[in-house]
Amino acid sequence: MNGFEKASLLNFVERRSSILGFTNASTLVTLIYYTICPMPKKVRELKQMLQKAGFTLLPKRGKGSHSYWNHPLLSNPVVLSGKDGNDAKPYQEKDVTAALEELEQLEQGDEL
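Values in this document were obtained by computation on a predicted structure and should not be read as measured data. (Residues numbered from 1 in each chain as written. Predicted model: local features only at pLDDT ≥ 70, side-chain atom pairs only at ≥ 80, totals over all residues. Heavy atoms only, no water.)

1. Some details on the pattern of salt bridges
According to the stated counting rule, one finds 2 salt bridges in the structure shown. A salt bridge links Asp84 to Lys47; the shortest N-O distance between them is 2.8 Å. Taken together, the residues span a long stretch of sequence, with Asp84 in the loop between β3 (78–80) and α4 (90–111) and Lys47 in helix α3 (residues 43–52) at a distance of 37 residues. Among the residues examined, Asp84 registers a relative accessible area of 36% and is labelled partly exposed. Judged by its relative accessible area of 18%, Lys47 falls in the buried class. (Salt bridge = Lys/Arg side-chain N within 4 Å of Asp/Glu carboxyl O. Helix = DSSP H or I, 4+ residues; strand = E, 2+ residues; numbered from the N terminus. Buried < 20%, exposed > 50% of the residue type's maximum accessible area, 1.4 Å probe, protein only.)

2. Describing the environment of Tyr68
Mapped onto the elements, Tyr68 comes out in strand β2 (residues 67–70). For Tyr68, the residues in contact, after removing those within four places along its chain, are Thr56, Leu57, Leu58, Arg61, Val78 and Val79. (Contact = heavy atoms within 4.5 Å.)

3. Here we look at the nonpolar core
In summary, soluble globular proteins display a tendency toward joint burial of nonpolar side chains. Core analysis: the largest hydrophobic core is formed by 13 residues, its most contacted members being Leu50, Phe55, Trp69, Val78, Leu80 and Val96. Of all elements in the fold, only α3, β3 and α4 reach the threshold of two or more residues within this core. With 4 residues, the top contributor of residues to this core is α4. Those residues within four positions of Val78 in sequence are excluded, and the remaining contacts are Leu50, Phe55, Ser67, Tyr68, Trp69, Val96 and Ala99. (Core = buried A, V, L, I, M, F, W, Y, C linked by side-chain atoms within 4.5 Å.)

4. Notes on the sheet that holds β3
Through backbone hydrogen bonds, the strands of a sheet pair up, either in parallel or in antiparallel fashion. Taken together, the 3 strands give an open sheet; going across it, the order is β1-β2-β3, and neighbouring strands pair in antiparallel fashion. Bordering the open sheet on either side are β1 (56–57) and β3, each of which pairs with just one other strand. For β2 and β3, the ladder comprises 3 bridges, and the chain directions are antiparallel. Each residue of the ladder has a partner; that of Trp69, found in β3, is Val78. (Pairing = 2+ DSSP bridges.)

5. Here we look at α3
All buried positions along α3 are accounted for by Val43, Leu46, Lys47 and Leu50. The arc enclosing the buried residues of α3, seen along the axis, measures out at 100 degrees, which places them on a common side. Looking at the residues trailing α3, positive phi occurs at Gly54, about 100 degrees. (Arc of directions from axis to C-beta.)

Below is the structure:
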């Protein structure tokens, strides 16, 4: 969104914010933004999700912030980079979600 579009949106919201009960238009814009674009998860949260699903942390493979997570039912490890407090990148969230979905499908197939 460029500067003109942001100004137009803010102007639009300012004119209608009082109708919706908001005294400050920027509060409404912030609310809309975080509803549409939620905050990214932290790397720490992704690691917790993997650990709860039964993944194990493989030993360090050298220097750096990469961590390798393995599960006995999956052939490829999930690799996460970054410190625990960093925001996770969208591709990292997708990788973890895909691994958890694949694991769930494998476990459901074993139950049948």
